[in-house]
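Observations on the three-dimensional arrangement
In case you want the letters, here they are:
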Amino acid sequence: MTETVAPPHPFDTAVGLTPLTAGLSTGETNPAYNNMVGPFGGVTAATLVESVLKHPERLGDPLSLTVNFAGPISEGAFEISARPVRTNRSTQHWSIELSQDGTVATTATAVFGTRRETWSSTEITMPEVPSAENVALLPFPEFIAWAQNYEMRFVEGAIPDLESGEHPDSTTTLWVRDQPARALDFTSLTALCDVFFPRVFLRRGKMAPAGTVSMTIYFHADAQTLTAQADNSVLGTARTQRFGNGYFDQSAEIWGSDGALLATTHQLVYFKD
């Protein structure tokens, strides 16, 4: 009897890369992860992480990532170059670029490394919310393609309708996981750090042109913690501290279903009023 091989998860297809040489690989945008303009920034960031994870010189796991979205990414093929600029005893620093037709569209720096057992303490606390099973599913509008790949259960701050009016604050909290379900790893955690729609939509109660300029992620979870998370929903919460002069910031946290802080992330986003 011939064994049936399951097709790859859509996310793995979206972040898939073909190596050309050590540190140089090619990929292709995936329409299933398109945003309103260009690809979903979370899947772009995840693809950059994937390029280092697949590099033969990689040391350890992701500790931090900063992505600068320098220009638009067109549909089609792209190249990613990833090179270690310095390797220390326990940390490794990376420079990464995504380009199309010889033009750089995205730059990134990353720190990978090995972790060791030390004293630890988490000073922030996970929001007190109902369990994922007790929060209703709320799909995004169908024209936002990337969001159809996630199961979202909003506790507060769902994407507003056009009649909602301004909101008193910009906080969104939701349970979220890949759809179909997929075990969490560093690549998918990277993408999940960008699942929050622009905070200005919620605060103003209407959609407006907006896009991430720069995003930084700090990975607090190790591989063992992510394995324990399996394919359960994670809890994300995001807020803005300041809107003004065409830009706003965003700070967010990603918590495991067991209450472990998996990642914190910060963005600078442009918007038009």
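To keep things clear, this report deals only with the structure shown in the data block. Everything numeric in this text was worked out from a predicted model, so none of it was measured. (Residues numbered from 1 in each chain as written. Predicted model: local features only at pLDDT ≥ 70, side-chain atom pairs only at ≥ 80, totals over all residues. Heavy atoms only, no water.)

**Side note on the pattern of salt bridges**
Under the criterion given, the structure shown has nine salt bridges. Here the salt bridges share partners, and the residues they tie into one network are Asp12, Arg182 and Asp185. (Salt bridge = Lys/Arg side-chain N within 4 Å of Asp/Glu carboxyl O.)

**Thoughts on helix α2 (residues 41-53)**
Spanning 13 residues, α2 covers 19 Å between terminal C-alpha atoms, matching the ideal 18 Å at 1.5 Å per step. Across the 13 residues of α2, 13 count as buried, placing the element largely inside the fold. (Helix = DSSP H or I, 4+ residues; strand = E, 2+ residues; numbered from the N terminus. Expected span 1.5 Å × (residues − 1). Buried < 20%, exposed > 50% of the residue type's maximum accessible area, 1.4 Å probe, protein only.)

**Focus: the nonpolar core**
Considering soluble globular proteins, one finds that nonpolar side chains tend to be buried as a cluster. By size, the foremost hydrophobic cluster in this structure holds 63 residues, and its most contacted members are Leu65, Ile96, Phe140, Trp146, Tyr150 and Met152. In terms of residue count, α2 provides more of this core than any other element does, seven residues in total. Setting aside residues no more than four positions away along its own chain, Leu65 makes contact with Ala45, Val49, Ala108, Thr109, Ala110, Thr190, Met215, Thr216, Ile217 and Phe219. Core analysis: the next-biggest nonpolar cluster, separate from the first, contains six residues, Ala132, Val135, Leu235 and Leu261 among them. (Core = buried A, V, L, I, M, F, W, Y, C linked by side-chain atoms within 4.5 Å. Contact = heavy atoms within 4.5 Å.)

**Quick notes on a nonpolar patch on the surface**
A cluster of nonpolar side chains, Met36, Val37, Phe143 and Met207, forms an exposed patch at the surface whose accessible area comes to about 430 Å². Tracing the chain through its elements places Met36 in the loop between β2 (24-28) and α2. (Patch = residues over 30% accessible without salt bridge, like charges linked within 9 Å, V, L, I, M, F, W, Y side chains within 5 Å. Areas by Shrake-Rupley, 256 points an atom, 1.4 Å probe, with all protein chains shown as cover.)

**Some thoughts on the layout of surface pockets**
For the largest pocket, the calculated volume is near 790 Å³. Contributing to the lining of the largest pocket are 36 residues, with Asn35, Val37, Ala210, Gly211 and Thr212 lying nearest its centre. Every element with two or more residues in the lining of the largest pocket is listed here: α2, α4 (199-204), β9 (210-219), β12 (247-255) and β13 (261-271). Broken down by element, the residue count for the lining of the largest pocket peaks at four residues, all from β9. Taken together, the residues of the lining of the largest pocket break down into 24 nonpolar, ten polar and two charged. (1 Å grid on protein atoms, 1.4 Å probe; cavity = no way out; pocket = protein on both sides within 12 Å on 5 of 7 lines; lining within 4 Å. Points joined across faces, edges and corners; volume = space filled by probe spheres on them. Nonpolar A, V, L, I, M, F, W, Y, C, P; charged D, E, K, R; others polar.)

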